[in-house]
Amino acid sequence: MKMTALLTCLLGLLAALPASASDSDSKDVFGQEVPIGQGRPTLVLYTNRGTQEELRKHAYQFIYEMRAEKPIVVVHVDLRDVPGLFKGMAQKKIRKGHDESLTEMRELFRKKGEAPPPELESSLYMVADTKGEPHQSMGLKKGFGQVFAQVLSTSGQELARGPFSESVRKLGQVMASR
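Residues numbered from 1 in each chain as written. Predicted model: local features only at pLDDT ≥ 70, side-chain atom pairs only at ≥ 80, totals over all residues. Heavy atoms only, no water.

Topic: a nonpolar patch on the surface
So, step 1. Side chains of Leu85, Phe86 and Met89 sit close together on the surface and give an oily, nonpolar patch of about 380 Å² of accessible area.
So, step 2. Within the fold, methionine 89 resides in helix H4 (residues 87-111). (Patch = residues over 30% accessible without salt bridge, like charges linked within 9 Å, V, L, I, M, F, W, Y side chains within 5 Å. Areas by Shrake-Rupley, 256 points an atom, 1.4 Å probe, with all protein chains shown as cover. Salt bridge = Lys/Arg side-chain N within 4 Å of Asp/Glu carboxyl O. Helix = DSSP H or I, 4+ residues; strand = E, 2+ residues; numbered from the N terminus.)

Section: the side chain of threonine 47
So, step 1. Mapped onto the secondary structure, threonine 47 falls in strand E1 (residues 42-48).
So, step 2. Not counting residues within four places of it along the chain, the set of residues in contact with threonine 47 comprises Gln52, Leu55, Val75, His76, Val77, Asp78, His135, Phe144 and Val147. (Contact = heavy atoms within 4.5 Å.)

Observations concerning the sheet that holds strand E2 (residues 72-78)
So, step 1. On the basis of which strands lie adjacent, the open sheet formed by 5 strands has the order E3-E2-E1-E4-E5 and mixed pairing. At either end of the open sheet lies a strand with only one pairing partner, and these are strand E3 (124-129) and strand E5 (158-163). Taking each pair of neighbouring strands and ignoring which way they run, the sheet shows an average axis angle of 15°.
So, step 2. Packed onto the sheet, H4 meets E2 and E3 and runs at close to 160° relative to E3.
So, step 3. Against the sheet, helix H6 (residues 164-177) makes contact with E1, strand E4 (148-152) and E5, and its axis sits at roughly 160° relative to E5, the strand it touches most. (Pairing = 2+ DSSP bridges. Axes fitted to C-alpha atoms, helices over the stretch in contact; angles between N-to-C directions.)

Let's talk about the packing of helix H3 (residues 52-65) against H4
So, step 1. In the contact formed by H3 and H4, the axes pass within 10 Å of each other and the chain directions differ by 40°. As the angle between them shows, H3 and H4 are arranged oblique. Crossing of H3 against H4: the hand is right-handed. Contact with H3, carried on its side by Gln52, Tyr60, Gln61, Ile63 and Tyr64, involves Lys93, Ser101, Glu104, Met105, Leu108 and Phe109 of H4 and no other residues of that element.
So, step 2. Within the contact of H3 with H4, the residues separate by chemical class into 6 nonpolar, 3 polar and 2 charged. (Parallel < 35°, antiparallel > 145°, perpendicular 65-115°, else oblique. Left-handed = near helix turned anticlockwise from the far one by under 90°. Nonpolar A, V, L, I, M, F, W, Y, C, P; charged D, E, K, R; others polar.)

A word on the nonpolar core
So, step 1. Residues Leu43, Leu45, Val75, Met105, Phe164 and Leu171 are the most contacted members of the largest nonpolar core, which totals 32 residues.
So, step 2. In this structure phenylalanine 164 touches Leu43, Leu45, His58, Ala59, Phe62, Val147, Phe148, Ala149 and Leu171, once residues within four positions along its chain are discounted.
So, step 3. Core analysis: the next-biggest nonpolar cluster, separate from the first, contains 12 residues, Ile72, Val74, Val127 and Phe144 among them. (Core = buried A, V, L, I, M, F, W, Y, C linked by side-chain atoms within 4.5 Å. Buried < 20%, exposed > 50% of the residue type's maximum accessible area, 1.4 Å probe, protein only.)

Structural measurements only, silent on function.
Printed below as a string of structure tokens:
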């Protein structure tokens, strides 16, 4: 009887625990599953509203240069510094940014005389991070000042990490040599 009561309490406690960061960030702002570790290398970019320009400045060209690897690109947008009332609006802005980014990438391919790859649509995922767990796991404090990047293997194992603009060449070499 005591064992049954203990198990019941334990199950109740487990049900009350919040989902882990990996559970909460497995879907993007459109509710799609993020396919990390499913046969394609992944570039994970950790950004916030203060690092948008840096992201735009480096990400498109990097992705273009890595096109042969067909990477998944996951952009974790830190919303910890956005007031609660505005988080919904921020998520709408992220959705709009997703569409604008795909348009920019298509245009970049056309400028280079190439057709955009068919997997382009299924290569970009933007995740709204309202609590900061993924960013904190990378050591990024609220309001961090530069984009941080992580390269994951086709099986989802970390291969490299570092400040994106400072590590672009190294990250590209690691992704290409996998």
